[in-house]
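# Topology and contacts: notes
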Amino acid sequence: MSDPRDILRAKAADLGFDVCRFASASEPWTAGERLAHFVEAGRHGDMGWMETTLERRAHPTAMWQGARTAMVLGMNYGSGRDPLPEMEDRSAAYISVYARGDDYHEVIKGRLKTLAGQVAARLGAAHLPSEVKVFVDTAPLMEKPLAQRAGLGWQGKHTNLLSREHGNWLFLGVILTAAEIEADAPEAEHCGSCTACLTACPTNAFPAPFQLDARRCLSYLTIEHAGPWPVEFRAAAGSRIYGCDDCLAVCPWNKFAETAREARLTAREALVSPRLADLAALDDAAFRALFSKSPIKRIGRDRFMRNVLYAIGNSGDAALVDSAMRLLNDPSPLVRGAAVWALSRLLDPDAFEGVRDLRLAGEDDKGVRSEWHHHSPSPAGEGG
Ligand code: B12
Ligand code: SF4
Ligand code: SF4
């Protein structure tokens, strides 16, 4: 019989996966201890699900005792160009490359399920254990160390998995099976003395090479963090309103990256440099319509508008004052508080104090009141 891995690889390629390799899911690893260290140090921030699933997440067999082999899939979502120059237009928003098309969870999960059915049938026909389970992103499984073990690439100093063939723009998906399938060779690390990603990070989110403090990462702050951001990160966000690509985009290994083959992962025109003024005008229904099938819909309109307002505050564009003023009337205190910060950056101190004096009296939310006081050019008394 020919190598079963090649048959399964061919099926994966037919379904649009760019790479498919195999690793042991049962051999021990150090990734679980490193994850525990990450969580103990509080680096997961508000992502409480990392803490509650810590034990299951530590190793594939902690989640599923029967797991023997991981079939690890990669799908390229590269745009074929460096996206960072887009941020030069401060009146436009920057949405990270991974979120400009359809939600990758939906795109990949459907394909993984189809593939898993084919894998199970193939294993069953070969009289091997045919139980399989599929994972993309949301399950308690550490996908990057599994991908490195399978040889898809290596975890770079920015902690993402990159490869010599595909650079940094690769989504991961995993099928675990109870069958023992011969493993592919793991990939070695090829960062060498390069530190480009570490120095490019606008918020200094890497306490050491190969380690990330998610609390400082703009991807975490824009997507996962629910409330107002610590003030120190707001200016550094620039125009990034959903995710961040800086550490990926500066990596020299992108020179080999190709453009995504999967049409559903390619950018929708409306999500490349959308005008901040247009985004600030979205009500809930318009937000849902614009981000239909997009991963951005999942953060909800209020959190999204918070991000848009921080970007407005960083724009230096006086034409956006009206947008921020309008959002001072928003029903969400999160949005109102972010509007205060934006105005504190766009208005001159006298104008800001004038607006504050008018608005503060009618504001009963403690958080928004504290935004008014905190960003006032001169100290303002409570109730002022
Ligand atoms: C939580 C999470 C986040 C968090 C935390 C990110 C992180 N680096 O941990 C936040 C919200 C910040 C995030 C951001 C992003 N994410 Co995310 N995220 C995840 C998720 C759900 C879990 C990752 C995890 O377990 N983190 C915990 C840490 C401890 O794990 P780790 O990074 O593997 O940690 C290793 C290193 O720290 C290292 N280490 C630690 N100490 C030491 C010491 C030494 C000496 C050495 C050598 C190594 C070392 O070993 C650890 C174990 O391998 C995965 C999906 C999944 N289920 O795996 C997606 C995933 C990692 N995310 C993904 C993506 C695309 C992103 C973004 C690029 C999105 C964007 N453009 O905004 C950014 C990238 C930011 C960055 N630089 O990492 C992809 C990455 C694909 C890839 N090719 O790697 C994944 C795999 C989802 C998917 N299925 O495609 N993400
Ligand atoms: S995604 Fe952005 S903020 Fe997060 S570590 Fe990378 S460069 Fe830093
Ligand atoms: S930028 Fe340099 S250090 Fe960072 S992942 Fe790429 S090769 Fe490694």
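Here the residue index of a chain counts from 1 through its sequence in written order. Chain labels run from A onward and ligand labels from 1 onward, assigned in the order the entries are written. Restriction of local features to residues with pLDDT of at least 70 applies here, the model being predicted, together with a cutoff of 80 or more for giving and counting side-chain atom pairs; totals for whole chains, interfaces and linings are based on all residues.

- The name recorded for the protein in an unreviewed UniProt entry is tRNA epoxyqueuosine(34) reductase QueG, from Brevundimonas subvibrioides.

## Brief notes about the overall build of the protein
- When helices and strands are tallied, the protein shows 17 helices and eight strands.
- Its C-alpha radius of gyration of 23 Å places the protein within 12% of the 21 Å reference for a compact globule of 384 residues.
- Counting across all 384 residues of the protein, residues that qualify as buried make up 42%.
- Counting only contacts in the protein whose residues sit at least 6 apart along the sequence, the fraction spanning at least 24 positions is 77%. Only DSSP runs of H or I with at least four residues qualify as helices, and only runs of E with at least two residues qualify as strands; both kinds are numbered from the N terminus onward. Only C-alpha atoms enter the radius of gyration, while the globule expectation follows 2.2 Å times N to the 0.38, with N the number of residues. Burial in this document is a count-based property: other C-beta atoms within 10 Å of a residue's C-beta are tallied, and the residue is buried at 20 or more, exposed at 12 or fewer, or partly exposed in between, with C-beta positions derived from the backbone. Remark: residues whose backbone-derived C-beta atoms lie within 7 Å of one another are considered to be in contact.

## Notes on helix α16 (residues 349-360)
- To estimate how far a helix should extend, the number of its residues minus one is multiplied by 1.5 Å. Over its twelve residues, α16 runs 16 Å from end to end, which matches the ideal 16 Å to within 8%, given 1.5 Å per residue.
- The buried count for α16 comes to one of twelve residues, which makes it a mostly uncovered element.

## Some remarks on the sheet that holds strand β1 (residues 19-24)
- The sheet built from four strands is open, its strands ordered β1-β2-β7-β4 with antiparallel pairing. A single partner strand is all that each edge strand has here, and the edge strands are β1 and β4 (132-135). Going from strand to strand, the sheet's axes swing by 20° on average, the running direction of each strand aside.
- As paired strands, β1 and strand β2 (residues 69-76) are joined by six bridges and run antiparallel to one another. A pair of strands is labelled paired if DSSP reports no fewer than 2 bridges between them. In this analysis an axis means a line fitted to C-alpha atoms, helices contributing only their contacting stretch, and an angle means the value between N-to-C directions, from 0 to 180 degrees.

## Comments concerning the site of ligand 1
- Ligand 1 sits among 34 residues. The nearest are Glu-143, Leu-161, Phe-210, Ser-219 and Gly-243.
- For the shell around ligand 1, the secondary structure elements donating two or more residues are α2 (31-40), α7 (143-150), β7 (170-177), α9 (218-224) and α10 (246-249).
- Side-chain classes are defined by residue name, with Ala, Val, Leu, Ile, Met, Phe, Trp, Tyr, Cys and Pro counting as nonpolar, Asp, Glu, Lys and Arg as charged, and the others, Gly among them, as polar. When the residues that make up the shell around ligand 1 are grouped by side-chain class, the tally is 20 nonpolar, eight polar and six charged.
- The residue makeup of the shell around ligand 1 includes at least three contributed by each of domain 1 (4-79 + 102-177) and domain 2 (196-253 + 269-374). Using a C-beta atom placed from the backbone for every residue, we mark a residue as near a molecule or strand if that atom lies within 6 Å of it. The domain boundaries here were taken from an automatic or database domain assignment.

## Digging into the domain arrangement of the protein
- Each domain of the protein was delimited in the assignment, giving domain 1 (4-79 + 102-177) and domain 2 (196-253 + 269-374).
- Here the C-alpha centroids of domain 1 and domain 2 sit 32 Å apart.
- Taken together, the contacts link 19 residues of domain 1 with 20 residues of domain 2.
- Across the side of domain 1 that touches domain 2, the residue classes break down as four nonpolar, nine polar and six charged.

## Some thoughts on the packing of helix α13 (residues 300-315) against helix α15 (residues 333-346)
- Viewed as axis vectors pointing N to C, α13 and α15 meet at an angle of 5°, and their least axial separation amounts to 8 Å. Taken together, the axes of α13 and α15 lie roughly parallel to each other. When α13 is examined against α15, the residues Asp-302, Arg-303, Met-305, Arg-306, Leu-309, Tyr-310, Ile-312, Gly-313 and Asn-314 are found in contact with a partner set consisting of Leu-334, Val-335, Ala-338, Ala-339, Trp-341, Ala-342, Arg-345 and Leu-346.
- Grouping the amino acids of the contact of α13 with α15 by side-chain chemistry returns eleven nonpolar, two polar and four charged. Every angle not falling under 35 degrees, over 145, or within 65 to 115 is termed oblique; those three ranges are roughly parallel, roughly antiparallel and roughly perpendicular.

## So, the site of ligand 3
- Close to ligand 3 lie 13 residues, the nearest being Gly-156, Cys-191, Cys-194, Cys-197 and Cys-251.
- Of the residues contributing to the shell around ligand 3, the split by class is nine nonpolar, three polar and one charged.
- Each of domain 1 (4-79 + 102-177) and domain 2 (196-253 + 269-374) accounts for three or more of the residues forming the shell around ligand 3.

## Quick word on the nonpolar core
- In this structure, Ala-70, Met-71, Val-72, Val-174 and Ile-175 are the most contacted members of the largest nonpolar core, which totals 54 residues.
- Among the elements that make up this core, the one with the highest residue count is helix α6 (residues 104-125) (seven residues).
- Dropping the residues within four chain positions of it, Val-174 is found in contact with Ala-70, Val-72, Phe-135, Leu-141, Glu-143 and Leu-146.
- Each nonpolar core reported here comprises buried Ala, Val, Leu, Ile, Met, Phe, Trp, Tyr and Cys residues connected via C-beta atoms within 7 Å. Listed in part, the 45 residues of the second largest apolar core include Tyr-220, Leu-320, Val-335 and Leu-346.

## Regarding the packing of α15 against helix α17 (residues 366-374)
- Contact geometry for α15 and α17: axes closest at 9 Å, N-to-C directions at 5°. The orientation of α15 with respect to α17, classified from their angle, is roughly parallel. Every residue of α17 that contacts α15 at Pro-333, Arg-336, Gly-337, Val-340 and Trp-341 is listed here: Gly-367, Val-368, Glu-371 and Trp-372.
- A breakdown of the residues in the contact of α15 with α17 according to their chemical character gives five nonpolar, two polar and two charged.

## A short note on the environment of Pro-4
- Tracing the chain through its elements places Pro-4 in helix α1 (residues 4-14).
- A sequence separation of 122 residues divides Pro-4 from Ala-126, and the C-alpha atoms of the two residues are 9.3 Å apart.

## A few points about the confidence of the model for the protein
- Summing up the model confidence of the protein, the mean pLDDT is 95 and the portion of residues at 70 or higher is 98%.
- Scored below 50 in pLDDT, residues 379-384 shows four contacts in the model against residues more than four places distant or in partner chains. The predictor attaches a confidence to each residue, and that confidence, scored 0 to 100, is pLDDT.

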